[in-house]
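Commentary on secondary and tertiary structure
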Amino acid sequence: MNVKEKSREVLSQFPSVRHAFAYGSKVFAQAKGPEKDALLDFVFVVDEPSKWHKENLARNPRHYSCVGRMGGGSAADYVAKRIGAGVYFNVYAEVGNERIKYGVTATDTIVEDLKYWKSFYMAGRMQKPVQHLVESQRVLRATEHNIL
């Protein structure tokens, strides 16, 4: 199974997203190959992060740290907005037989960062190769601004 097929299989285990992309050494071949313990890396862009996390917590509670499990979707969203760069990451999540890392960010947050480099976290990440899996025209247009 190729990376795009694996990625689509992984995406099917989550609530719907507005935009999604995969990145990193398991997606794009490196000269030395992927590291032995490399994770399949994703970013999910959603319109309402609190609501998305609430639904995802019901589906995938083991993906979350105690902060997310105890505080719910609003706690995950709070951490992303107030502590992080607008992205909440779950790492070492098991989906099928694949270990992944995924970040969840709001559509408005990623578009603002791509256009204005507010934190440059997502804008910087997207200046490297990414494999778009679910496409939002709004995010793709903002990506064009980021690369110019």
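Look above for the structure.
Report on the accompanying structure. Bear in mind that the values here come from a model prediction, so they are computed numbers and not experimental data.

1. Here we look at unusual backbone geometry
- We note that Y92 has phi near 55°; this positive angle belongs to a residue other than glycine.
- Relative to the elements of secondary structure, Y92 occurs in strand β3 (residues 87-95).

2. Concerning the pairing of strand β4 (residues 98-106)
- Counting buried positions over the nine residues of β4 gives seven, a clear majority of the element.
- Sheet topology places strand β2 (residues 40-46) next to β4; seven bridges connect them, and they run parallel. Directly across from V45, in β4, lies its bridge partner T105.
- Direction of pairing for β3 relative to β4: antiparallel, over a ladder of seven bridges. Note on β4: the bridge partner recorded for A93 is I100.
- Here β3 folds back onto β4, and the loop between the two strands holds two residues, one of which, G96, carries a positive phi near 60°.

3. Looking at the environment of G68
- Relative to the assigned elements, G68 resides in helix α3 (residues 66-83).
- Considered as a pair, G68 and N90 are 22 residues apart in the sequence and their alpha carbons are 9.5 Å apart.

4. Let's talk about the sheet that holds β3
- The strand order across the open sheet formed by five strands is β3-β4-β2-β1-β5, and the pairing between neighbours is mixed. Since the sheet does not close on itself, it has two edges, and those belong to β3 and β5 (130-134), each with one partner. Strand-to-strand twist of the sheet, defined as the mean angle between neighbouring strand axes without regard to direction, takes the value 25°.
- Bridging between strand β1 (residues 19-23) and β5 involves four bridges; their strand directions are antiparallel. Within β5, the residue paired with A22 across the bridge is Q131.

5. A few points about the pairing of β2
- Counting buried positions along β2 yields seven of seven residues, so the element is predominantly enclosed.
- Alternating positions in β2 separate into two faces, L40, F42, F44 and V46 on one and D41, V43 and V45 on the other, with burial throughout.
- As paired strands, β1 and β2 are joined by five bridges and run antiparallel to one another. Bridge pairing in β2 links F21 to V43.

6. Considering the nonpolar core
- Within the largest apolar cluster, 23 residues are counted, with the highest numbers of intra-cluster contacts made by F14, F42, F44, W52, Y64, I100 and Y102.
- When residues of this core are traced back to their parent elements, those giving at least two are α1 (3-11), β1, β2, α2 (49-59), α3, β3 and β4.
- With four residues, the top contributor of residues to this core is β2.
- Setting aside its immediate chain neighbours within four residues, W52 contacts F14, P15, S16, V17, F44, V46, Y64, Y102 and V104.

7. Thoughts on the side chain of H132
- Secondary-structure assignment places H132 in strand β5.
- Of the polar contacts made by the side chain of H132, one reaches the side chain of H19; its length is 2.9 Å.
- If we ignore the near neighbours within four places in the chain, the residues touching H132 are K4, H19, A20, F21, M126 and L140.

8. A look at the packing of aromatic side chains
- Using the criterion set out here, one finds 11 aromatic pairs in the structure.
- For the ring pair F44 and W52, a centre distance of 5.9 Å and an interplane angle of 55° mean the geometry is tilted.
- Where F89 meets Y121, the ring centres are 6.3 Å apart and the plane angle is 70°; that geometry is what we call edge-to-face. Of this pair, F89 sits in strand β3 while Y121 sits in helix α5 (residues 121-125), and the two are 32 residues apart along the sequence.
- A relative accessible area of 24% means that F89 is categorised as partly exposed.
- Clustering of aromatic rings is evident, with ring pairs tying together F14, F42, F44, W52 and Y102.

Basis of the calculations
- Residues numbered from 1 in each chain as written.
- Predicted model: local features only at pLDDT ≥ 70, side-chain atom pairs only at ≥ 80, totals over all residues.
- Heavy atoms only, no water.
- Helix = DSSP H or I, 4+ residues; strand = E, 2+ residues; numbered from the N terminus.
- Buried < 20%, exposed > 50% of the residue type's maximum accessible area, 1.4 Å probe, protein only.
- Pairing = 2+ DSSP bridges.
- Axes fitted to C-alpha atoms, helices over the stretch in contact; angles between N-to-C directions.
- Core = buried A, V, L, I, M, F, W, Y, C linked by side-chain atoms within 4.5 Å.
- Contact = heavy atoms within 4.5 Å.
- Polar contact = N/O pair within 3.5 Å; in protein donor to acceptor, adjacent residues only side chain to side chain.
- Phe/Tyr/Trp six-rings, centres within 6.5 Å; stacked < 30°, edge-to-face > 60°.

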